[in-house]
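What follows is the residue order along each chain.
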Amino acid sequence: MKQRNEKTYTLISLIVLFLLVYLAQNKLDAYKIRILNLGAMYVTLGVSLNLIYGFTGQFSLGHAGFMGIGAYVTALLVLPAYYKEASFILEPLAWPFTVLHAPFIIALIFSGLFSALVAFIIGFPVLRLKGDYLGIATLGFAEIFRIIANNLPHITNGALGIKGIPEFTNLWWTVGVAVVAIYVIKGLISSSYGRALMAIRENEVAAEVIGINLTFHKVMSFTISAFFAGVAGGLFACLLTTIDPKAFRLVTTFNILAVVVLGGLGSITGTVIAAFLYNFFLEYLRPIEAGFNLGPIAFPPIPGLRMVTFSVLLLALILYKQRGIMGGAEFSWRWLFQFLNRIFNHKKTTEGGAS
């Protein structure tokens, strides 16, 4: 009965979510829609990184590389032939990319699959490492991808990047992909595979002793994580309509990692909240760089003050909430009703005491 009620509440919440998406897509201005799109994309990126880092305990810094792979695959598949011919100035685009073309949804699927394939190939040697060594190795992969992309003008157009990408990405796509990512990863975590991943996170030796195949589960987690990072990269390419290797530097991975840590390792709910908060604060702090008044004190325009202020706020939040916003906890309908019931009872007690 409880499971049936939870499914009903979840269905109602999805209907409400898509009504809100409809209203936002049709009523908000382009700037606010762009922020919401970025927030939804960071949900997908954050939840996928949380799978490998928060739930499996493998410190990976290669998400920017997988995102970049997905972005280039999608761009090359959706870009019309005449745009390909006009964009590739230094060297002509290599065959078969000159003739390949696919609908947006097919391009997204292929971007995820290609990223997952790369993750599967590099996962076997790389995931033998642990801790900081694994982080450095995956960071090296992301940098290798960026350098290769910079030096393959007949495929990536080198440092010039690819321009004129059709702007297919909207809130329906970004929110829809985020919902699918949450559904798949939450389902995985709730299964026996998820319990095995969390056992690996807690103690690899003990997990191996009880019969868990460490290599299989680590590579599976890494591959699924890369799949969604690749899909998010495809959405990113068709949102900005232009990509180049500089868009997938270490700072991109840092942003995704900050969302995961801020939300709480091992918390999908925390990642969703942090993804939107991160992007909102990052954008709405822009005006302080143009100068502002604080009472009688006038602050002149200071380039970079936005990032300094944001970093201080982020540091303060991490110091106050060391385990992140949710601290590993997850949203549930039971928890929500208990919380509302406590508020209602407290209000009744207060009103009774006052009378």
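First, a word on scope: everything that follows refers to the structure included in this document. Throughout, residues of each chain are indexed from 1 in the direction in which the sequence is written. Predicted model: local features are reported for residues with pLDDT of at least 70 only, side-chain atom pairs are reported and counted for 80 or more only, and whole-chain, interface and lining totals are derived from all residues. The basis for the side-chain values is all heavy atoms of the structure; hydrogens and waters are excluded.

**Section: the nonpolar core**
When a protein is soluble and globular, its nonpolar side chains tend to lie buried together.
At step 1: Ranked by internal contacts, the top residues of the largest apolar core, which has 76 residues, are F66, I162, I165, I243 and F248.
At step 2: The biggest single contributor to this core is helix α10 (residues 214-240), with 13 residues.
At step 3: Contact criterion: two residues are considered in contact whenever any of their non-hydrogen atoms come within 4.5 Å of each other. When residues no more than four places from it in sequence are discounted, the contact partners of I162 are Y72, A75, L76, L79, F88, I155, T156, N157, T241, T242 and I243.
At step 4: Among the nonpolar cores identified, the runner-up in size contains seven residues, and A24, L36, A40 and L171 belong to it. Think of a nonpolar core as a cluster: buried Ala, Val, Leu, Ile, Met, Phe, Trp, Tyr and Cys residues, connected wherever their side-chain atoms sit within 4.5 Å. Using a 1.4 Å probe on the protein chains alone, a residue whose accessible area is under 20% of its type maximum counts as buried, one over 50% counts as exposed, and one in between counts as partly exposed. Working definition: helices are DSSP H or I runs of at least four residues, strands are E runs of at least two. Numbering for both runs from the N terminus.

**Quick notes on the packing of helix α3 (residues 63-78) against helix α5 (residues 104-126)**
At step 1: Whenever a helix is involved, its axis is fitted only over the stretch in contact; in every case the axis is a line through C-alpha atoms, and angles between N-to-C directions fall within 0 to 180 degrees. Running from N to C, α3 and α5 point in directions that differ by 145 degrees, and their axes come no closer than 8 Å. Judged by the sense of rotation from one axis to the other, the crossing of α3 with α5 is right-handed. Listed contacts from α5 to F66, I69, G70, V73, T74, L77 and V78 of α3 are F104, A107, L108, F110, S111, F114, S115, V118, A119 and I122.
At step 2: When residues are grouped by polarity, Ala, Val, Leu, Ile, Met, Phe, Trp, Tyr, Cys and Pro land in nonpolar, Asp, Glu, Lys and Arg in charged, and all others, Gly among them, in polar. Here the residues of the contact of α3 with α5 sort into 13 nonpolar, four polar and no charged. Should the near helix be turned counterclockwise from the far one by less than a right angle, the crossing is left-handed, whereas a clockwise turn marks it as right-handed.

**Side note on a nonpolar patch on the surface**
At step 1: Only residues whose relative accessible area exceeds 30% and that form no salt bridge are eligible for patches; like-charged ones are grouped when within 9 Å, while nonpolar side chains (Val, Leu, Ile, Met, Phe, Trp, Tyr) are grouped when within 5 Å. All accessible-area figures derive from a Shrake-Rupley calculation using a 1.4 Å probe, and residue coverage is judged against the displayed protein chains alone. Each salt bridge in this description consists of a side-chain nitrogen of Lys or Arg and a carboxyl oxygen of Asp or Glu lying within 4 Å of one another. A grouping of Y9, I12, V16, L20, Y22, L23 and W172 is seen on the molecular surface, where their side chains present a nonpolar patch of about 660 Å² in accessible area.
At step 2: Take the nonpolar patch: its biggest share by element is six residues, from helix α1 (residues 2-27).
At step 3: Along the polypeptide, W172 turns up in helix α7 (residues 171-190).
At step 4: Note on W172: relative accessible area 37%, which makes it partly exposed.

**Details of the side chain of T252**
At step 1: In this fold, T252 is placed in helix α11 (residues 250-263).
At step 2: Identification of polar contacts relies on pairs of N or O atoms within 3.5 Å, with a donor-acceptor requirement for protein atoms, meaning one able to donate a hydrogen and the other able to accept it, and with residues adjacent in sequence counted only if both atoms are side-chain atoms. A polar contact of 2.9 Å, which involves the side chain of T252, links it to the backbone oxygen of A247.
At step 3: Once residues lying within four places of it in the same chain are set aside, the contact partners of T252 are A64, M67 and A247.

**So, the packing of aromatic side chains**
At step 1: Paired rings are identified among Phe, Tyr and Trp, the last through its six-membered ring, by centres lying within 6.5 Å, and are further divided according to the angle between planes into stacked (under 30 degrees), edge-to-face (over 60) and tilted (the rest). Evaluation of the coordinates by the stated rule reveals 15 aromatic pairs.
At step 2: Where Y72 meets F248, the ring centres are 6.3 Å apart and the plane angle is 55 degrees; that geometry is what we call tilted. In this pair, Y72 sits in helix α3 while F248 sits in the loop between β2 (242-243) and α11, placing the two residues 176 residues apart along the sequence.
At step 3: For Y72, a relative accessible area of 5% gives the class buried.

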